[in-house]
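# Understanding the architecture of this molecule
What follows is the residue order along each chain.
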Amino acid sequence: MSAQSCQPGLIFDLGMHRALDTKFYLAKGFKVVALEANPDMVDAAAQTHKSSAENGNLIIVDRALWSANDETVSFYVNPTKDDWSSLFKGWAEKGGHTAKEIQVSTITLPRLFDLYGVPYFIKCDIEGADELFVRQLLADVRRPDFVSIEAVSLEALAMLFSAGYDRIQIVNQAFNGYVQPPNPAREGEYAAARFDGHMSGLFGRELPPAKWQNFTAAADDYLAFRRLSKQNEFLAHGWLDFHVTTEAALARLGVV
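The structure reproduced in this document is the subject of the present report. (Residues numbered from 1 in each chain as written. Predicted model: local features only at pLDDT ≥ 70, side-chain atom pairs only at ≥ 80, totals over all residues. Heavy atoms only, no water.)

This brings us to the overall build of the chain. The helix and strand tally for the chain stands at nine helices and ten strands. Relative to the globule expectation of 18 Å for 256 residues, the C-alpha radius of gyration of the chain, 17 Å, shows essentially globular dimensions. If one aligns the C-alpha atoms of the chain with their principal axes, the spans along those axes are about 50 × 45 × 35 Å. Looking at the chain as a whole, 48% of its 256 residues qualify as buried. Excluding contacts between residues fewer than 6 apart, the proportion of contacts in the chain whose partners are at least 24 apart in sequence is 71%. (Helix = DSSP H or I, 4+ residues; strand = E, 2+ residues; numbered from the N terminus. Rg over C-alpha atoms; globule rule 2.2 N^0.38 Å. Buried < 20%, exposed > 50% of the residue type's maximum accessible area, 1.4 Å probe, protein only. Contact = heavy atoms within 4.5 Å.)

Take the nonpolar core next. Membership of the largest hydrophobic core comes to 37 residues, with the highest contact counts inside it found for L14, F133 and I149. Grouped together as the second largest cluster of nonpolar side chains are 27 residues, C6, M16, L58 and Y120 included. (Core = buried A, V, L, I, M, F, W, Y, C linked by side-chain atoms within 4.5 Å.)

On to the sheet that holds strand 6 (residues 100-107). Overall, mixed pairing links the three strands, which are arranged 4-6-5 in an open sheet. At either margin of the open sheet sits one strand with a lone partner, and together these are strand 4 (64-65) and strand 5 (72-77). (Pairing = 2+ DSSP bridges.)

Turning our attention to helix 8 (residues 215-231). The end-to-end C-alpha separation of helix 8 is 24 Å, in line with the 24 Å expected for 17 residues at 1.5 Å each. Residues A218, A219, Y222 and F225 constitute the buried set of helix 8. Looking down the long axis of helix 8, one finds its buried residues gathered within 125 degrees of arc, a one-sided arrangement. Facing away from the buried side of helix 8, by more than 90 degrees, are the exposed residues T216, R227 and Q231. Capping the start of helix 8, N214 holds a side-chain oxygen 3.3 Å from the backbone nitrogen of T216, two or three residues further along. (Expected span 1.5 Å × (residues − 1). Arc of directions from axis to C-beta. Polar contact = N/O pair within 3.5 Å; in protein donor to acceptor, adjacent residues only side chain to side chain.)

Before going further, it helps to spend a moment on unusual backbone geometry. The peptide bond linking N183 to P184 adopts the cis configuration, its omega dihedral lying at 15 degrees. When you line up the elements, P184 lands in the loop between strand 9 (167-172) and helix 8. A positive phi is found at A19, a non-glycine position, where the angle reads about 65 degrees. Along the chain, the position of A19 falls in the loop between strand 1 (6-14) and helix 1 (20-27). In this structure, D70 takes a positive phi of about 60 degrees despite not being glycine. Within the element layout of this structure, D70 appears in the loop between strand 4 and strand 5.

Now for the state of the cysteines. Applying the stated rule across the entire model yields zero disulfides. Here C6 stays free of any disulfide, with the sulfur of C124 as its closest cysteine sulfur at 16 Å. (Disulfide = S-S within 2.5 Å.)

Now for the pairing of strand 7 (residues 118-124). The element strand 7 is largely enclosed, with a buried count of seven among its seven residues. Sheet topology places strand 1 next to strand 7; six bridges connect them, and they run parallel. Paired with L14 across the two strands is C124, which belongs to strand 7. Both strand 7 and strand 8 (residues 146-150) contribute to a ladder of four bridges, which runs parallel. For C124, the partnering residue across the bridge sits in strand 8 and is I149. Taken together, strand 7, helix 6 (residues 130-139) and strand 8 constitute a β-α-β crossover, and its handedness is right-handed. (Right-handed = clockwise from strand over helix to strand, strands pointing away.)

Given below as structure tokens:
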């Protein structure tokens, strides 16, 4: 796996939502390409981060990640739980919710790479479409140093491993409120943040260096969490993200 074309100052925020992660990345000095299909979220972020958009540090792509470029597809906006809005009606309406159907344009991960370059880190949180993202990453030859996705399945993790990502951290998002960004920063500049349920939290070298695992150990932990969750959801509290990188990248970046 090669990361030679990776741009160290660039982050993709796929599933921008309320732009809280985007705000954190911008505050740390990164350039951000933020993908969002919900037009209300796009408009709000464009206003809130107008100066960053004007100076070129923020590019908002008002499209949905899909299997083909420039198509028009249905997108389901959940007005009550807007973070559940999705290309998939069942995902947007889980828990008995009702979603509003709108039409949006599409883009693929390879097109994003072509247009904006290969980022240092991709945060992917696109409700119901994380496996679609992973399949496109696996099919491409270009690789960011770090990637995070919602932990939707063991198959998604296996595809990331097949793409060459042999070091994994599983992060329980429910406990991000207790996490503080390290000072001095290990990624970009220091930016104070209080992470909430709508933020992905730390990434890359700012994750605990000792907690990177191989695929087998990470898969075992993930399956154990899933089993416990089925037995007693109050014991297996929270929801998980997979963060992945490579042993070679960690060595190159001096992570020990």
